[in-house]
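Take a look at the letters that make up each chain.
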Amino acid sequence: MYNTKYQIFISSTYEDLKEARSKVQETILGLYHFPIGMEMFSADNDEQWEIIKDTIDNSDYYVILIGHRYGSITSEGISYTEKEYDYALEKGVPIYAFVRERDISTTSRERENDPEKMKKLENFITKATSNKMCNFWTNIDELATQVAIALPKAFARNPQTGWTRGSGEDIQTISKELAAATEENRKLRKKIDSLSSLQQKKPELALKINDSDNLTVNLKDLTDYYQRATPLDENNIEAHLLKYINKDLILKYNKSLPTQEDITKFNIEANKIQRHNLCAQKIIVTIENNGCAKANNIRVDLKFPNTIIILDNDNYKKLSLPRLSIEKSPLQIAQAKYNIDHGSKDHKDLMLSMYENIQTQSNSTPPIYEAENTPPIIVNTKGDHSYNINKKNNTISIEFNELVHKRYLNIDNFIIIPKQINKGIIEVSVHCEEFDEIKHSEIPIEIITIQTHL
């Protein structure tokens, strides 16, 4: 038994337990056995994990040191240390857990501050302490003493295969293999550190509209331009005007009046145009890079709810409000003629001018709302960025080549017009060359009303 040398795998979190791990390694060496640990393998890489598994497979005993930190999380949602522990347990390697007392004072470097990780750590400790081969320690000297006592007992009660002395030739071969393995281990650790450093330096893109994480749009509540068209009643015409008006004129006028259906259609179009003129709001889209590296080949998509019309500055213009086509009122013309006949010369000239104006004034029917007839896709290039507006998808797409970290880009080329009261979201998608996948987020948008009149 005493000629057998054991390989003992030491597992722990890295930064907070450096001194403790070093003390345990010295203790094991003092017992004339081989300590080995793969705690430096922090990247979740299949090849590296295979090396760790092989090392645990070839170890005779597994010693785990648990402090007040849980450590880096793997893709499985547990720490690398717990993953190693679970594998050793699965393979039947004898496990000896040494848990630091929970009520001792710790520095910020030594303790876990993430609530989720703290919970995971407590669950891990519960798992590790369910093993009978468990000790609690307060300082590294006490830990070394516990290891020095526990391991010899383990060697005697539960001996493993271990290593035995061979011939001089065997020892030389083993020494060379061990030296080669140590060098390979050193190179792998260096490569892992380099990869970890690269993984941490990534861009972090965020988007705001009008320098806010939400957007409120004002929709003016417009009253109808025309309420109704009132026909003339010859029985209600004042006597002094009867000379200038007759029943045929009244009938012709009444017949020319638009129906209530015509007035409703007109008011709908007039309200669209007034909404276009009064409710248009310019928005500024800000894209920030809050990460530690430059972002390249960036694309941002903003999908608005269908209660919003999107335009850009170049195709937005205020529209003229149309007038409903209605014949000149015979009553108005009769009043003008009466004023001409019964006024002074100067007054007659003035009335004649007003009469001619009534006769020549033209009315027009409402045009179709022009903003709804803009091109289905608007494409534009502005300096260091380009964008397009897709009316079918109600989406703004912005593309630009790069954005240096800790910098931002403001794009103020867009106009939005609300259609109706609504609460919804703007769906945001952001991607760049450095991202593994598209980042999705949402910006709440609310359309509220403000009372006004045409």
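Residues numbered from 1 in each chain as written. Predicted model: local features only at pLDDT ≥ 70, side-chain atom pairs only at ≥ 80, totals over all residues. Heavy atoms only, no water.

1. As for the pattern of salt bridges
Logical step 1: Enumeration according to the criterion identifies 15 salt bridges in this entry.
Logical step 2: With its nearest N and O atoms 2.9 Å apart, the salt bridge here joins K127 to D86. Within this pair, whereas K127 is found in helix α4 (residues 115-129), its partner D86 is found in helix α3 (residues 80-91), the two being separated by 41 residues in sequence.
Logical step 3: When its relative accessible area of 27% is taken as the criterion, D86 is described as partly exposed.
Logical step 4: We note a salt bridge from K294 to E402, for which the minimum N-O separation is 3.4 Å. In this pair, K294 sits in the loop between β8 (281-289) and β9 (295-303) while E402 sits in strand β13 (residues 395-403), placing the two residues 108 residues apart along the sequence.
Logical step 5: Taken together, the shared-partner salt bridges in this structure form one network comprising E82, D86 and K127. (Salt bridge = Lys/Arg side-chain N within 4 Å of Asp/Glu carboxyl O. Helix = DSSP H or I, 4+ residues; strand = E, 2+ residues; numbered from the N terminus. Buried < 20%, exposed > 50% of the residue type's maximum accessible area, 1.4 Å probe, protein only.)

2. Some details on the sheet that holds strand β5 (residues 134-137)
Logical step 1: The strand order across the open sheet built from 5 strands is β2-β1-β3-β4-β5, with neighbouring strands paired in parallel fashion. The sheet terminates laterally at β2 (34-36) and β5, the two strands that pair on one side only. Averaged over all adjacent pairs, the angle separating strand axes in this sheet is 25 degrees, with direction ignored.
Logical step 2: In this structure, strand β4 (residues 95-100) lies alongside β5, joined through 4 bridges in parallel fashion. Its bridge partner being in β5, R100 is matched across the sheet by W137.
Logical step 3: The strands touched by helix α1 (residues 18-30) within the sheet are β1 (7-11), β2, β3 (61-66) and β5, with β1 carrying the most contacts at an inclination of about 170 degrees.
Logical step 4: Across the sheet, helix α5 (residues 140-157) is in contact with β1, β3, β4 and β5; its angle to β5 comes to roughly 165 degrees. (Pairing = 2+ DSSP bridges. Axes fitted to C-alpha atoms, helices over the stretch in contact; angles between N-to-C directions. Contact = heavy atoms within 4.5 Å.)

3. Describing the nonpolar core
Logical step 1: Counting residues in hydrophobic clusters, the biggest one holds 36 residues, and the most contacted among them are L207, I209, F304, I398, F414 and I426.
Logical step 2: Listed in part, the 20 residues of the second largest apolar core include Y85, F124, I125 and C134. (Core = buried A, V, L, I, M, F, W, Y, C linked by side-chain atoms within 4.5 Å.)

4. Examining the confidence of the model for the protein
Logical step 1: A residue-level look at the protein finds 86% of positions with pLDDT of 70 or above and a mean pLDDT of 84.
Logical step 2: Taking the mean pLDDT of every element in the protein, the minimum, 50, falls on helix α10 (residues 345-360) and the maximum, 96, on β3.
Logical step 3: Counting interchain partners and residues more than four positions distant, the pLDDT-below-50 stretch residues 358-364 has 16 contacts. (pLDDT = per-residue confidence, 0-100.)

5. Observations regarding the side chain of T81
Logical step 1: Mapped onto the secondary structure, T81 falls in helix α3.
Logical step 2: Excluding its chain neighbours within four sequence positions, the residues that come into contact with T81 are S11, S12, T13, Y62, I64 and F124.

6. Observations concerning the pairing of β9
Logical step 1: When β9 meets β13, the two strands line up antiparallel, connected through 8 bridges. From the neighbouring strand, I298 faces β13, where its bridge partner is F400.
Logical step 2: Looking at chain direction, β9 and strand β15 (residues 422-431) are connected through 5 bridges and run antiparallel. By the bridge assignment, L302 is partnered in β15 with V428.

7. Section: the packing of α1 against α5
Logical step 1: Two numbers describe how α1 lies on α5: the axes approach to 9 Å, and their chain directions differ by 35 degrees. The handedness of the crossing between α1 and α5 is right-handed. Where α1 abuts α5, its residues E19, A20, K23, V24, T27 and I28 lie against I140, D141, L143, A144, V147, A148 and L151.
Logical step 2: For the contact of α1 with α5, the per-class residue count stands at 9 nonpolar, 1 polar and 3 charged. (Left-handed = near helix turned anticlockwise from the far one by under 90°. Nonpolar A, V, L, I, M, F, W, Y, C, P; charged D, E, K, R; others polar.)

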